[in-house]
Amino acid sequence: MTRRQTAIDRRSFLIALGATGLATACGSAGAAPEFDLGSRSSFGMVNWADYIDPTDGDVLGTVDRFQQASGIVVDYAETYESNAVGIELLANAGGRTDIIVPTNWLAAQVIERGDAEPIPIEIIPNHANIDPQFLTNSWDRGCRFQMPWQSGLTGIAYDPALTGRPLTSIADLFDPAFKGRIGFIVEMREAVGLGMLLNGDDPSRPTLLTAQAGLDRIRSATESGQVGAFTEGDFTEKLDSGELVAAMAWSGDTFLLQQGLLDIAARPDIEFVIPDEGAVQWFDTMLIPRGSSSLAAAGEFMNFVYDPVQAAQITAWVGYVSPVLGVQEELRAQGLPELADDPLLFPDNATKSRLFTWGGLSADDETKLETEFAALF
Amino acid sequence: MVTAPSTPGSAGIHLRPPPPQGPPTDQPISATPRLAALGRSLVQPETTPGWLRLWGLILAAALILFAVTGTLAGLSARSSTATIQDDTAPSLIGVQDLLSSVAEANAAATGAFLSGSAGTESRAQRNLYLDAVRRSTAEAERVSSLVGDSEAAHQALQNIGANLVVYSGEIESSRTANLAGVSTARDQLRGALDITGTDVASSVVTITAEARADLDRQTDRGLVIGIVAVGLGSLALLLLLLFQVRLTTRTNRVLNLPLVAASILTAIAVVVLASGLLTRNTALSNARSGGYDSIESTAEIQAAAFAAQTALSLELIGGQATEIQPLLDNVRSGIDRAKGRADSTREEAAVNLLEQRFTRYETTVSAIRASAAVAAGDPANSAAADATAAFQGEGLSTFNGLNTSIESVLFDNRTQFVAGVGDAADAANRLPVYLIVLPLLAALAALLGIQRRLREYS
């Protein structure tokens, strides 16, 4: 999965936020914990590419602002190319990586195996700012072992000029009129999740039976030639070129396409919809692998990025749904109402009630589904 | 020995003479010479060998008695702690889980009902309800396998099982009626809530009382025999020391190493037993005060929060004000108590997070109730719909945040309780082995020491 940056020029906004954020951070990041959580001097973090605001000239990015405010050295790398990297990093426990960003389903597996350190809430008062919708996952109620990093939606993006009608249902992706010009995402849990929603099943409570039925929907569409391509973030290019008329799509990448923030011209006419049956929501997490010797430093960073001022800066740059309460108000206060009111960044309550986060199956069942799904492309 | 048959006329073979005849059968049989000597010595303690043998017997008896009582005390402590660890503690926790699951089912059922009457039943609330009922039933079954022989507890669990079936049925009936727009739906819902508020709650109180009584019994089990064993061990040690002093004055020998070793082993055994029992009981006491009492207290916060959420739903469903504020006040005072009780930085942080999320929930409840109050004064006003929508959105969201924070505090409480019981089990587990080995080794050493002195007289 590619986490794309928004190339938006928000220099003035960043400067304003940077100044405010620095002041806030100086107040909170300097307090030393009164107990031993390992080293506070430095920590390592491996993130998805372009998934945090970088330093841009005089304007410090989040990592640099944190280093300056706290005196903690961050060994930061954007080499988390897929969740397979996360699995490798976890296998090399004892390495120098203290924060990784696995997607929710992998985080669930890691936590269930006991391979995650408890979040050091002693030094993260901003834990209170986690949006409650992320607190109720059955695999980590209360976010005791991870804190959400960014979240996105998998729904339907389409070109109304080519479909000739609005698309509102997942069933529209199976309309023979669009045969060979439909795109599906290569991520099993999202594709199967949409298949399950079409069947009236709940992806947040999957069973092998319902997940298989969801997969069967995808399989039959593939075998009948309905599916023109399995894509990652490149569904935007295929929609733009007209190769696809509609696709399973990530909200953040569609947002970039609409805003003209990709290497292609803006396509505000491309629609993104949350189907009537609902959409799949996913999120990436900040997780500390078991054995980390820098919980104190990692915890301070987590607290820093959960300050709404800092989180707003990240949201403005990455274009995904922030799990931090107060970001919307912060964006509005900073004079960016177009971001604050964007429904893809801040889904309203009615929309949230139609979002489903993959609930997870046993490791064996998930592997079986992964294998069957991968055989489709 | 030649075994050839003795036949008449055989020559050249010398048969072994017959053994001497024993005493006439009318005379008493005397003991073997060794036993006879011992008997003479014992009845003649004024001789040094006799005196030594007499002390040997006394010390061996004292140490064996200590070994027996100490082992029994250790076994009793180990067995009762294992019962607490495997049955009593999980059943105490399970009962609290059962109660909070039922309370959550109530809150979710009313939430789903409210959304159902507003047109679209909330899937999230419905799922929460189904999960909570499933957990309640599972917890009841689990606790049933843990409560032991208590007739009252089993009866209470049977009542809970039966009541949960009736409760689920009533909820389903009210749901169906509600979705169909039948006016009696609300009364059916209230009836279902009454079942959990009275029958289930009273059964939970019974089970909790039984489990607590069992915790008391198991904690005290083996205590008397433990004290007796420590007393006997101390007596044995005293005798050993006394004997060595007397031996020194009587035989002019300064040091008898095996006897010194016996004294040290006995002293170690006494200390191991006393400290083991003390550590076990202290750990159980800490687990109870720092863990289980906190679990109960936090569960009360949770129950009050669920009750407030249920009351809010009923207020929105019925359009009439309910007594939510006292319930919110209960939550607030519970949080204040939890803050005072927090004994680790992590627990303090968890309670602080809980407080912040509760404050957020309180603010949301006030806003929802204000909209509902406006709607009550002016039915044409859209405020009722606004209030319901706000309940479905922010109300549920902030409540879920609050609830997961309570769960986090509960998790810390449970960890502390289970760890305390685990410490007690660790302290008790090795006692029987130490208390059979050390006193017996001490007895052997003592006898060896005496034997060395006796050799000087043989």
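All right, on to the overall build of chain B then. Helix and strand content of chain B: 11 helices and zero strands. Counted from the first residue to the last, chain B has its helices and strands arranged as α-α-α-α-α-α-α-α-α-α-α. For chain B, with 458 residues in total, the buried portion stands at 46%. Within chain B, contacts between residues at least 6 apart in sequence are counted, and of these 78% link residues at least 24 apart.

The next thing to look at is unusual backbone geometry. A positive phi is found at Cys143(A), a non-glycine position, where the angle reads about 50 degrees. Tracing the backbone shows Cys143(A) in the loop between α4 (104–113) and β3 (147–158).

Bringing the packing of helix α2 (residues 48–117) of chain B against helix α6 (residues 223–251) of chain B into the picture now. Residues and elements named next belong to chain B. One can describe the packing of α2 onto α6 by two numbers: an axis separation of 8 Å at closest approach and a directional angle of 160 degrees. The pairing of α2 with α6 is recorded here as roughly antiparallel in orientation. The element α2 and its partner α6 pack so that their crossing is left-handed. Looking at side-chain class alone, the contact of α2 with α6 contains 19 nonpolar, seven polar and one charged residues.

With 17 residues of chain A in contact, the opposing surface of chain B contributes 21 residues. Classifying every residue of the side of chain A that touches chain B by side-chain character gives six nonpolar, six polar and five charged.

All names here are of chain B. One can describe the packing of helix α5 (residues 185–220) onto helix α7 (residues 257–318) by two numbers: an axis separation of 14 Å at closest approach and a directional angle of 175 degrees. As judged from the angle between their axes, α5 and α7 are roughly antiparallel. Contacts between α5 and α7 involve Arg-186, Leu-193 and Thr-219 from the former and Asn-281, Leu-284, Thr-310, Ile-317 and Gly-318 from the latter. The class makeup of the residues in the contact of α5 with α7 is three nonpolar, four polar and one charged.

For an α-helix, the turn length of 3.6 residues means that residues three or four places apart are oriented alike. Residues and elements named next belong to chain B. The end-to-end C-alpha distance of α6 is 41 Å, a good match for the 42 Å that 29 residues give at a rise of 1.5 Å each. Among the residues of α6, Gly-226, Ala-229, Val-230, Leu-232, Gly-233, Ala-236, Leu-237, Leu-240, Phe-243, Gln-244 and Leu-247 are the ones counted as buried. Those residues of α6 that are buried lie in contact with α2, α7 and α11 (431–455).

Residue and element names in this part refer to chain A. For β3, a buried count of 12 out of 12 residues is recorded, marking the element as mostly surrounded by other parts of the structure. Where β3 and strand β6 (residues 246–250) come together, five bridges link them in antiparallel fashion. If you follow Ala-157 over to β6, its bridge partner there is Ala-247. Judged from the three bridges that link them, β3 and strand β7 (residues 271–273) form a sheet pairing that is antiparallel. Paired with Ile-156 across the strands is Val-273, a residue of β7.

Time to look at the nonpolar core. The biggest cluster of nonpolar side chains holds 233 residues, and the ones touching the most others in it are Ala246(A), Phe301(A), Ala308(B) and Ala446(B). When residues of this core are assigned to their parent elements, the largest contribution, 26 residues, is made by α2(B). When residues no more than four places from it in sequence are discounted, the contact partners of Phe301(A) are Phe43(A), Phe66(A), Val74(A) and Ile99(A).

All names here are of chain B. Here chain B shows a mean pLDDT of 82. Residues at 70 or above account for 85%. A low-confidence stretch, residues 1–13 (pLDDT under 50), is modelled with six contacts involving residues beyond four sequence positions or located in other chains. Counting contacts from residues 24–29, a segment whose pLDDT is below 50, to residues more than four positions away or on other chains yields zero contacts.

Residue and element names in this part refer to chain A. By the criterion of burial, helix α11 (residues 308–318) is predominantly enclosed, with 11 of the 11 residues buried. Of all the positions in α11, only Pro-308, Val-309, Gln-310, Ala-311, Ala-312, Gln-313, Ile-314, Thr-315, Ala-316, Trp-317 and Val-318 are classed as buried. Where α11 terminates, the next one or two residues include Gly-319, which has phi positive at roughly 75 degrees.

A separate point is the environment of Ala307(B). All names here are of chain B. Looking at where Ala-307 falls in the secondary structure, it is placed in helix α7. As a C-alpha pair, Ala-307 and Ala-103 span 204 residues in sequence and 7.1 Å in three-dimensional space. Excluding residues within four positions of it along the chain, Ala-307 makes contact with Ala-103 and Leu-327.

What follows concerns the environment of Ala84(A). All names here are of chain A. Structurally, Ala-84 is set in helix α3 (residues 83–91). Accessibility expressed as a C-beta count within 10 Å gives 10 for Ala-84, which makes it exposed. Spatially, the C-alpha atom of Ala-84 lies 9.5 Å from that of Leu-106, the residues being 22 residues apart in sequence.

Right, let's get into the confidence of the model for chain A. Do not read the fine detail of predicted coordinates wherever pLDDT is low. All names here are of chain A. Mean pLDDT over chain A: 87, with 90% of residues reaching 70 or higher. When pLDDT is averaged over each helix and strand of chain A, the minimum, 42, is found for helix α1 (residues 11–29) and the maximum, 97, for helix α5 (residues 160–163). With pLDDT under 50 throughout, residues 1–35 is counted as low confidence; its partners more than four residues away or in other chains account for 68 contacts.

The rules behind each value
Residues numbered from 1 in each chain as written. Chains lettered and ligands numbered in written order. Predicted model: local features only at pLDDT ≥ 70, side-chain atom pairs only at ≥ 80, totals over all residues. Helix = DSSP H or I, 4+ residues; strand = E, 2+ residues; numbered from the N terminus. Buried ≥ 20, exposed ≤ 12 C-beta atoms within 10 Å, placed from the backbone. Contact = placed C-beta atoms within 7 Å. Axes fitted to C-alpha atoms, helices over the stretch in contact; angles between N-to-C directions. Parallel < 35°, antiparallel > 145°, perpendicular 65-115°, else oblique. Left-handed = near helix turned anticlockwise from the far one by under 90°. Nonpolar A, V, L, I, M, F, W, Y, C, P; charged D, E, K, R; others polar. Expected span 1.5 Å × (residues − 1). Pairing = 2+ DSSP bridges. Core = buried A, V, L, I, M, F, W, Y, C linked by C-beta atoms within 7 Å. pLDDT = per-residue confidence, 0-100.

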